[in-house]
Amino acid sequence: YSPRGILPRQILLPENLEGAADLSRLLSHQAGRKVDLVTPQRGAKADLIRMAQENAKTECERLTTRAERTAKVLTLLAELLGLPEPPGRIEAYDISNTGASDIVAAMTVFEEGKPKKGAYRYFKLRDLTGPDDYASMEQVITRRFRHEIEGDGDFAHRPDLLLIDGGATHAAVASRVLAQYGLSIPVFGMVKDDRHRTRALVTPEGEEIGIQGAPALFAFIGQIQEETHRFAITYHHESHSKSATRSALDGIPGVGEKRRAELRKHFGTIKAIREADVETLAAVVPRAAAQAVWEHF
């Protein structure tokens with residue numbers, strides 16, 4: 001109030017102020033009349049105090065920007081995980097497969113707490129005899145950091161934190177790969193509950209770190225897990241669909257990649273190609289190839 005020209009006769013306070021009498025005399029002198037400092041305990045004046053506090057809280061929340069809230073979440077994450085500073089770049093990984101085929105991995109990137117979709121990457125995993133999540137994780141982490149070491153610009157930015165979809169063993173596999181490259185990057189697994197939601201983070205040694213007590217952090221880690229899973233599933237479905245189409249049209253005499261592409265583009269699905277007669281097929285590819293496709297199915 002000291003720089004203001006007009007002062008009220010009474011100022012209500014939420015709690016007793018040390019030196020209130022001296023402050024009252026100072027404000028009274030400035031106003032040229034008595035100014036009382038009052039700390040109401042009940043009644044209408046206490047209600048006014050509560051209203052003022054609620055208004056102040058609302059205004060404070062309004063002024064707290066999303067960036068500030070995200071910064072607080074990252075600071076809390078760093079404290080919980082024992083990181084030297086809030087992670088600027090987080091990379092998360094998930095594996096998706098159907099049986100022994102079409103095993104794919106997804107890498108999502110969060111910078112300053114926000115998804116950086118232009119930096120997301122897919123990996124189609126190779127030389128695996130079956131759906132082995134640990135071998136798959138080893139391959140994807142190996143390939144990601146080999147790309148960086150070999151100077152691939154798409155992987156030039158090193159993460160401050162790796163989050164792996166899975167438990168301690170998944171995190172341990174990733175940590176082992178990093179050690180082989182001489183890299184010291186914190187790795188944690190994202191442990192899910194029965195409803196497939198992240199309930200905790202876990203170290204490669206198996207120590208669980210609960211996050212459910214911090215709602216904002218819990219929501220942030222859940223967002224990362226869901227986004228990475230969504231990205232992996234999307235690529236897996238696309239890869240599986242292309243693979244199924246290729247295998248259904250492979251080996252037909254006179255039908256190479258170009259004609260397979262023409263058939264896929266025109267008919268859209270294998271079912272439509274399978275059900276087409278020779279005349280309909282011949283409208284897309286030469287008659288001999290159309291006959292071969294019809295006989296194939």
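Residues numbered from 1 in each chain as written. Predicted model: local features only at pLDDT ≥ 70, side-chain atom pairs only at ≥ 80, totals over all residues. Heavy atoms only, no water.

### Focus on the packing of aromatic side chains
Tallied over the full model, the rule gives four aromatic pairs. Measuring from ring centre to ring centre gives 4.9 Å for tyrosine 120 and phenylalanine 231, while their planes differ by 65°; the resulting arrangement is edge-to-face. With a gap of 111 residues between them, tyrosine 120 in the loop between strand S5 (114–115) and strand S6 (121–124) and phenylalanine 231 in helix H6 (residues 215–249) connect regions that are remote in the sequence. Accessibility expressed as a relative area gives 6% for tyrosine 120, which makes it buried. (Phe/Tyr/Trp six-rings, centres within 6.5 Å; stacked < 30°, edge-to-face > 60°. Helix = DSSP H or I, 4+ residues; strand = E, 2+ residues; numbered from the N terminus. Buried < 20%, exposed > 50% of the residue type's maximum accessible area, 1.4 Å probe, protein only.)

### Details of the nonpolar core
Counting 25 residues, the largest nonpolar core has Leu77, Ile90, Leu163, Leu201, Phe220 and Ile221 as the members making the most contacts within it. Elements that contribute at least two residues to this core include exactly helix H3 (66–81), strand S3 (89–98), strand S4 (101–111), strand S7 (161–165), strand S8 (187–192) and H6. A per-element tally of this core places H6 first, with six residues. Excluding anything up to four places from it in sequence, isoleucine 90 contacts Leu74, Leu77, Thr108, Val109, Phe110, Leu161, Leu163, Phe220 and Ile224. Ile95, Leu125, Phe155 and Ile185 belong to the second largest nonpolar core, which has 24 residues in total. (Core = buried A, V, L, I, M, F, W, Y, C linked by side-chain atoms within 4.5 Å. Contact = heavy atoms within 4.5 Å.)

### Let's talk about the side chain of aspartate 165
Mapped onto the elements of the fold, aspartate 165 is located in strand S7. Within the structure, the side chain of aspartate 165 is placed 2.4 Å from the side chain of lysine 192, a separation counted as a polar contact. Those residues in contact with aspartate 165 that lie beyond four places of it in its chain are Tyr93, Asp94, His170, Met190, Lys192 and Gln225. (Polar contact = N/O pair within 3.5 Å; in protein donor to acceptor, adjacent residues only side chain to side chain.)

### Quick word on the confidence of the model for the protein
When pLDDT is averaged along the protein, the result is 87; 91% of the residues meet or exceed 70. Mean pLDDT across the elements of the protein ranges from a minimum in H6, with 75, to a maximum in S7, with 96. (pLDDT = per-residue confidence, 0-100.)

### Examining the pattern of salt bridges
Under the counting rule described, the total for this entry stands at 18 salt bridges. Ionic pairing is found between glutamate 111 and lysine 116, a salt bridge with its closest N-O pair at 3.4 Å. Residue classification places glutamate 111 among the partly exposed positions, given a relative accessible area of 23%. Residue class for lysine 116 comes out partly exposed when judged on its relative accessible area of 35%. Here lysine 271 and glutamate 275 are joined by a salt bridge, their closest N and O atoms 2.9 Å apart. A residue pair is termed a helical-turn pair when its members lie 3 or 4 positions apart in one helix, as lysine 271 and glutamate 275 do in helix H8 (residues 270–275) at four residues. Given a relative accessible area of 55%, lysine 271 falls into the exposed group. Judged by its relative accessible area of 56%, glutamate 275 falls in the exposed class. Here the salt bridges share partners, and the residues they tie into one network are Arg89, Glu91, Glu111, Lys116, Arg144, Glu148 and Arg158. (Salt bridge = Lys/Arg side-chain N within 4 Å of Asp/Glu carboxyl O.)

### What to know about a nonpolar patch on the surface
On the surface, Leu17, Leu23 and Leu26 cluster together to form a nonpolar patch covering roughly 250 Å² of accessible area. Relative to the elements of secondary structure, leucine 17 occurs in the loop between strand S1 (10–12) and helix H1 (20–31). (Patch = residues over 30% accessible without salt bridge, like charges linked within 9 Å, V, L, I, M, F, W, Y side chains within 5 Å. Areas by Shrake-Rupley, 256 points an atom, 1.4 Å probe, with all protein chains shown as cover.)

### Some thoughts on the environment of arginine 121
By the secondary structure assignment, arginine 121 is in strand S6. With 69 residues separating them in the primary sequence, arginine 121 and alanine 52 have C-alpha atoms 50 Å apart. A polar contact is formed between the side chain of arginine 121 and the backbone oxygen of glycine 118, at a distance of 3.1 Å.

### Observations regarding helix H4 (residues 133–149)
Between its first and last C-alpha, H4 extends 24 Å over 17 residues, near the 24 Å set by a 1.5 Å rise per residue. Among the residues making up H4, those that are buried are Ser136, Met137, Gln139, Val140, Ile141, Thr142, Arg143, Arg144, Phe145 and Glu148. Trailing H4 by a residue or two, glycine 151 shows a phi angle of about 85°, which is positive. (Expected span 1.5 Å × (residues − 1).)

### As for the pairing of S8
Burial runs high along S8: five of the six residues are buried. Here four bridges tie S7 to S8, and the two strands are oriented parallel to one another. When the sheet's bridge partners are listed, isoleucine 164 is paired in S8 with glycine 189. The β-α-β motif built from S7, the intervening helix H5 (residues 168–180) and the parallel element S8 has right-handed crossover chirality. Remark: five residues form the turn of the hairpin made by S8 and strand S9 (residues 198–202), two consecutive strands paired antiparallel; histidine 196 in that turn has positive phi of roughly 65°. (Pairing = 2+ DSSP bridges. Right-handed = clockwise from strand over helix to strand, strands pointing away.)

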